[in-house]
Amino acid sequence: MVSARVLQLLVLACLASARPARGDRPEKPENLSCVAVQVKTSISPNISCEWEPAGPQTTDVPTTYTLNVNIISGPANYVQTPLNHAEVPLEIYPNHMTLEIWVEAKNDLGKTESEHLKEDAGWFVKTNPPSNVRIISEKSFPTSLLINWIHPIVEEYLKLTYQIRFCPDGSHSWTYVPLVDTAKYIQSFRLQNLQPDTVYVTQVRCKNAREGHGYWSDWSANATKRTPEARPTSKPDLWKIITEGDGMNERQVEFICKDPVFANGRITRFDIKILDLKDKVKNGSLESESIPVNRSEADSRSGRQKITALKQIHLPDDKSVQVFVAAVNSVGSSAEASLVIPEKAYEFPPVEELKVWPHEGQLWLEWKSPKNIAVSEYVVEWFPGDPIDWQRENRSTTLTAIKGNLKKFVCYNISVYPIYYGRTGKPASVEAFLEQRAPLEGPTVRLNGKPGRNEAELVWTEIPQQSRQGFITNYTIFYASGTKIHNKTVPANVTSYTLTSLSGNTKYDAWVRASTIQGSTRGSNHSFTTLKYASGEIEGIVVGVSLGFLFIVVMIMLLCINKKDVIKKKFWPQIPNPGESTIGNWSPDYPLKAETPKENCLSGISVLDVDVCDAKCVFEEDKASLPLKKDKYLSEEHSSGIGGSSCMSSPRQSVSDSDEGGDMADTTASTVQYSSVVASNGYKGQTPSSQPQQAIFSRSESTQPLLDSEENPDMFLQEGSRQSQRFPRQPCFTHSARNQDSTDAADFNQLEMEQQEVLEPLDFCPLEEDSEQTTPTDGQSADWPPAAAVSSYMPQLGGYRPQ
């Protein structure tokens with residue numbers, strides 16, 4: 001009896017076997033292809049095939065592929081693989097026999113087969129490329145090359161067809177020879193219509209000659225050869241560079257040209273001929289000038305058009321010329337290229353609305369043709385180049401790209417010239433960059449002059465053209481003092497800027513940043529210190545002070561002129577003139593009689609004549625008046641000192657007479673009395689003459705202050721001695737030998753004695769009569785008083801104030 005456990009296990013096994021596998025039946029493989037390659041000189045017996053699996057593939061239900069190769073009327077050959085390719089080995093490749101090839105796909109859910117390939121054995125063959133490919137250049141055929149090669153396999157195995165392609169050296173644009181020209185079983189072929197003096201690269205391949213059978217072999221190795229030289233078949237590309245000449249109304253024209261596009265050899269020289277369009281006689285005898293070209297073989301083989309400078313001439317503005325140029329190589333000369341340089345005043349108009357922009361690594365140009373004038377072609381010129389470059393466009397072109405090798409970050413000046421059937425029109429020009437970025441260097445900034453107190457002018461140099469690497473869009477000026485930074489942006493055409501609102505006596509750092517559309521670059525720093533005072537401020541202060549000082553001086557001068565009398569009295573007091581004083585105020589009882597004193601002594605002294613007969617009466621009256629006079633004129637010991645010298649011997653201040661009124665009282669403090677009495681009668685016992693004599697009483701009322709000689713008599717003693725020699729002293733009173741009455745003499749002596757007591761402190765002024773002296777008689781000499789001391793006073797000149 002079967003247990004329950006065994007029954008349970010049997011049920012589970014049945015269920016497991018009954019559950020379907022996860023996956024699908026395999027689908028038919030597609031695109032089956034097979035190839036038999038050449039090994040050495042025969043076809044390899046191994047056939048390689050590959051296919052594309054169809055439908056989803058899972059690891060739960062793996063698919064196995066079986067490649068079957070059957071030879072008709074022969075055994076079957078197969079190989080199994082999980083991959084999508086396999087190789088079936090055969091004992092020998094069955095040339096000229098039919099092969100049937102297919103693939104079978106099989107998994108746990110089923111199997112399927114691909115399409116059967118049933119073709120001749122040659123249909124699957126891929127031979128080696130032709131071997132020993134050689135090119136032969138023939139001098140008599142400059143436009144052709146002969147190609148030879150060897151068959152890769154003998155004709156008994158497989159009859160082949162060939163394909164040839166070629167291109168100039170360095171080019172990747174191949175030219176294929178038509179198959180109809182190489183369909184035969186050949187081993188050579190001549191390439192024609194080639195460019196002379198050009199290196200060509202040639203390749204050859206082959207396949208089964210039966211159409212649709214077999215595979216193309218790989219291309220053979222490159223075979224290169226240069227075609228022979230030939231006469232140039234195109235014109236040189238003639239152009240010009242016009243600049244301003246050294247003289248007035250003159251142009252400097254330089255003719256340049258490129259080698260002909262089809263130079264067909266190395267150019268050895270250019271023949272140039274310049275014709276004056278207004279001088280036909282001269283043109284008749286004009287010969288061409290040869291310009292030799294010393295060019296290396298490598299230059300001529302590079303394939304690039306070389307630019308040659310031909311000739312430079314000075315052309316007046318009112319003159320037009322036509323230039324003819326031909327290129328010459330070792331075989332012959334090219335056709336002539338011509339160019340007309342018209343008069344400057346008759347240049348044709350330029351193109352309109354020229355625009356340039358970069359796009360996909362090229363600079364594109366667009367313009368509009370001139371109106372109402374027919375154009376034969378256009379010349380597009382650009383520089384900097386090597387040294388300049390240009391290209392020609394046909395008359396219908398208004399949009400083109402520059403075909404030269406342009407560099408990034410270089411500024412190109414691009415011009416378009418319309419050509420009017422040989423005559424050059426005016427150019428339209430514009431600058432452009434193929435690509436831009438930040439400048440290589442920043443501007444160099446400096447101060448223009450000296451900074452002010454609150455402003456400073458900064459100037460900077462433009463960045464060199466080769467360092468800009470783009471169009472400068474703006475400049476930003478930065479200036480900083482300490483940690484505070486200020487900036488100011490200016491347009492690209494500005495190269496100077498004045499900073500304002502700066503602080504005085506402050507150090508600033510300044511720099512400039514130049515910007516393009518792709519970035520900016522900072523320039524070098526420049527430091528400066530503003531002034532403590534503004535420009536002209538110190539000059540203003542000096543001018544203001546000077547004007548103020550000048551104003552004060554002018555005001556003082558005007559004040560001095562207006563108050564000159566007051567100033568004169570203050571600094572130069574007025575000294576009275578003794579010559580203008582009168583004796584009348586001092587002795588009113590006697591008439592005033594002016595007597596001119598001696599020039600040497602009595603200058604400026606008034607004289608009073610007294611008759612001898614009236615002397616007694618005078619003396620008597622003087623006796624009564626002497627006490628009053630003494631009190632008046634000698635008060636406070638300020639005596640005028642009658643007699644003796646004309647000035648006081650010591651500085652004393654006199655008191656004016658109270659009878660003189662208010663004016664005299666005002667000048668009391670400054671008044672000094674001078675007086676002397678001169679008598680012509682006898683003196684001290686001298687007998688007067690019998691004739692009546694007059695006594696002379698001289699007096700000067702002066703306001704002159706005492707002189708230094710009166711304050712310091714000792715100091716002028718020596719000087720007085722010298723003066724006494726020049727002015728000999730004479731007695732102020734003279735006595736004649738006349739006889740007088742004893743009574744009169746006695747009275748006179750008595751009066752004299754009384755008067756002498758009063759006049760004792762006074763001195764008598766000496767008199768001088770020119771150069772003569774009065775010599776006393778013997779009788780008189782005994783009675784003459786001793787000579788008074790020499791006076792130190794000189795005669796006073798004007799400037800005395802009348803009393």
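Preceding this section is the structure that the text describes.
These numbers come from a predicted model, not from an experiment. Within any chain, residue numbers begin from 1 and follow the written order of that chain's sequence. Whole-chain, interface and lining totals are the exception, using all residues; otherwise, since this is a predicted model, local features are given only for residues with pLDDT of at least 70 and side-chain atom pairs are given and counted only at 80 or more. For the side-chain quantities, the full set of heavy atoms in the structure was used; hydrogens and water were omitted.

Engineer: Honestly, the state of the cysteines in this entry has me stumped. Any pointers?
Structural biologist: Disulfides are defined as cysteine sulfur pairs within 2.5 Å. For the structure shown, the criterion picks out 1 disulfide. Across the disulfide, C34 is cross-linked to C49 (sulfur-sulfur distance 1.8 Å). Given an S-S torsion of about 115°, the disulfide between C34 and C49 has right-handed geometry. Of this pair, C34 sits in strand 1 (residues 30-39) while C49 is found in strand 3 (residues 46-52), placing the two residues 15 residues apart along the sequence. Judged on exposure class, the residue C34 and its partner C49 are both buried. Secondary structure follows DSSP: runs of H or I at least 4 residues long count as helices, runs of E at least 2 residues long count as strands, and numbering of each begins at the N terminus. In this scheme, a residue with accessible area under 20% of its type's maximum is buried, one over 50% is exposed, and one in between is partly exposed, where area comes from a 1.4 Å probe on protein chains only.

Engineer: Mind showing me how you'd approach the packing of aromatic side chains here?
Structural biologist: Geometry of an aromatic ring pair is reported as the spacing of the ring centres plus the angle between the planes. Working definition: a ring pair exists when centres of Phe, Tyr or Trp rings (six-membered ring for Trp) sit within 6.5 Å. Plane angles under 30 degrees give stacked, over 60 give edge-to-face, the rest tilted. Following the criterion strictly, the structure yields 13 aromatic pairs and no others. Taken together, a centroid distance of 5.1 Å and an interplanar angle of 55° make the contact between W149 and Y162 tilted. Of the two residues, W149 is situated in strand 12 (residues 145-150) and Y162 in strand 13 (residues 160-168); the sequence distance between them amounts to 13 residues. The exposure class of W149 is buried, given its relative accessible area of 3%.

Engineer: Could you clarify how one ought to interpret a nonpolar patch on the surface in this entry?
Structural biologist: For patch detection, residues must exceed 30% relative accessible area and be free of salt bridges, and they are connected within 9 Å for like charges or within 5 Å for nonpolar side chains (Val, Leu, Ile, Met, Phe, Trp, Tyr). Accessible surface area values rest on a Shrake-Rupley calculation with a 1.4 Å probe, where residue burial reflects the displayed protein chains alone. Salt bridges are defined by distance alone: a side-chain nitrogen of Lys or Arg within 4 Å of a carboxyl oxygen of Asp or Glu. Residues V543, L547, L550, F551, I552, V554, M555, I556, L558 and I561 make up a contiguous nonpolar surface patch of roughly 960 Å² in combined accessible area. Along the polypeptide, F551 turns up in helix 5 (residues 537-562). Overall, F551 belongs to the exposed group, its relative accessible area being 52%.

Engineer: Where do I start with the sheet that holds strand 34 (residues 456-460) in this structure?
Structural biologist: Remark on secondary structure: sheet strands pair via backbone hydrogen bonds, oriented parallel or antiparallel. Within the open sheet, the 3 strands sit side by side as 33-34-37. Their pairing is antiparallel. Looking at the sheet topology across the chains shown, the edges are occupied by strand 33 (445-447) and strand 37 (496-499). Taking the axes of each pair of neighbouring strands and ignoring which way they run, one obtains an average angle of 30° across the sheet. Strand pairing requires that DSSP identify at least two bridges connecting the strands. A fitted line through C-alpha atoms serves as each axis, taken over the contacting stretch for helices, and the angle formed by two N-to-C directions is quoted from 0 to 180°.

Engineer: Can you help me understand the side chain of E393 in this one?
Structural biologist: Tracing the backbone through its elements, the reader meets E393 in strand 28 (residues 389-394). For this analysis, residues touch if any pair of their heavy atoms sits within 4.5 Å. The residues contacting E393, other than those within four sequence positions of it, are E377, Y378, V380, T400 and K403.

Engineer: Any chance you could explain the environment of I43 here in plain terms?
Structural biologist: Assignment of secondary structure puts I43 in strand 2 (residues 42-43). Beyond its immediate sequence surroundings of up to four residues, I43 is in contact with A36, V37, Q38, Y93, N95, V125 and I153.

Engineer: Which parts of the structure should I look at to understand the pairing of strand 5 (residues 76-81)?
Structural biologist: The side chains of a regular strand alternate between both faces of the sheet. The pairing of strand 4 (residues 64-71) with strand 5 spans 6 bridges and is classified as antiparallel. Bridged to N70 within strand 5 is A76. The loop that links strand 4 with its antiparallel partner strand 5 comprises 4 residues; one of these, S73, has a positive phi angle of about 65°.

Engineer: Please clarify how the sheet that holds strand 12 should be interpreted in this entry.
Structural biologist: The strand order across the open sheet built from 3 strands is 11-12-15, with neighbouring strands paired in antiparallel fashion. Each edge of the open sheet carries a strand with a single partner, namely strand 11 (131-137) and strand 15 (188-191). Here the average twist between neighbouring strands, direction ignored, is 20°. As paired elements, strand 11 and strand 12 share 5 bridges and run antiparallel to each other.

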